[in-house]
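Structural features, examined
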Amino acid sequence: MPTHFFILFSCYSRYCVSLRDVRRCIVLVKWFREILRKRSKLSDNDREKLDKIALSCYKKALSIDKDMRSVVLALAHSYQSRIPTSDSRSKYRQKLSHIFQMHGESTMTENVMSSIVRAEQEEYLARFV
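Points about the overall build of the chain
- Within the chain, the secondary structure is distributed over seven helices and zero strands.
- Moving toward the C terminus, one meets the helices and strands of the chain in the order α-α-α-α-α-α-α.
- Evaluated residue by residue, the chain yields a buried proportion of 40% over its 129 residues.
- Per element, the accessible surface of the chain, about 8,000 Å² overall, is 57% carbon and sulfur.

Structural notes on the confidence of the model for the chain
- Of the residues in the chain, 87% have a pLDDT of 70 or more, and the chain-wide mean is 85.
- Per-element confidence in the chain is highest for helix α5 (residues 66-78), whose mean pLDDT is 93, and lowest for helix α1 (residues 2-11), whose mean pLDDT is 60.

Observations concerning the side chain of Arg-39
- Structurally, Arg-39 is set in the loop between α2 (19-38) and α3 (44-47).
- Residue contacts for Arg-39: discarding those within four places in its chain leaves Glu-120, Glu-123, Tyr-124 and Arg-127.

Things to note about the nonpolar core
- Core analysis: the largest hydrophobic core is formed by 30 residues, its most contacted members being Val-72, Leu-75, Phe-100, Met-108 and Ile-116.
- Put simply, the parts of the chain that give this core at least two residues each are α2, α4 (52-62), α5, α6 (86-102) and α7 (110-128).

Observations concerning the environment of Phe-100
- With respect to the helices and strands, Phe-100 occurs in helix α6.
- Overall, Phe-100 belongs to the buried group, its relative accessible area being 11%.
- Taking the C-alpha atoms as reference points, Phe-100 and Met-68, 32 residues apart in sequence, are found 9.7 Å from one another.
- Phe-100 has contacts with Met-68, Val-71, Val-72, Leu-75, Glu-105, Met-108 and Met-113, leaving out every residue within four places of it along the chain.

Remarks on α4
- Of all the positions in α4, only Ala-54, Cys-57, Tyr-58 and Ala-61 are classed as buried. Each buried residue of α4 sits inside an arc of 100° when the element is viewed along its axis, so together they form one side.
- Buried positions along α4 lie against α3, α5 and α7.

What counts and what doesn't
- Residues numbered from 1 in each chain as written.
- Predicted model: local features only at pLDDT ≥ 70, side-chain atom pairs only at ≥ 80, totals over all residues.
- Heavy atoms only, no water.
- Helix = DSSP H or I, 4+ residues; strand = E, 2+ residues; numbered from the N terminus.
- Buried < 20%, exposed > 50% of the residue type's maximum accessible area, 1.4 Å probe, protein only.
- Areas by Shrake-Rupley, 256 points an atom, 1.4 Å probe, with all protein chains shown as cover.
- pLDDT = per-residue confidence, 0-100.
- Contact = heavy atoms within 4.5 Å.
- Core = buried A, V, L, I, M, F, W, Y, C linked by side-chain atoms within 4.5 Å.
- Arc of directions from axis to C-beta.

Set out below in structure tokens:
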């Protein structure tokens, strides 16, 4: 629910989130979990398509458990994508990082979450280009 409240206050409207968003996020966690488990790592040829920053994000993302990556990707897709400014998105990731760390996920920093999302985007592009 902290995600819900963050979106409510950053969008200044009580109509911008609903329980459908919670359901969507749960479905996406399951979907990302399945996709990440089935998908092989990028081939050397595909890795060459990544620039240095994207490759760094990719390596950082691979160091995180696939279940945790699934949660981060689902939250990013369901909620973070609605946040209008990069500063607000950064604050959102900081808030999530704090929540993850309170639950024992000390490696889940704002930077790591950003890397997970960027790596996923870059990986899709590398596989299709």
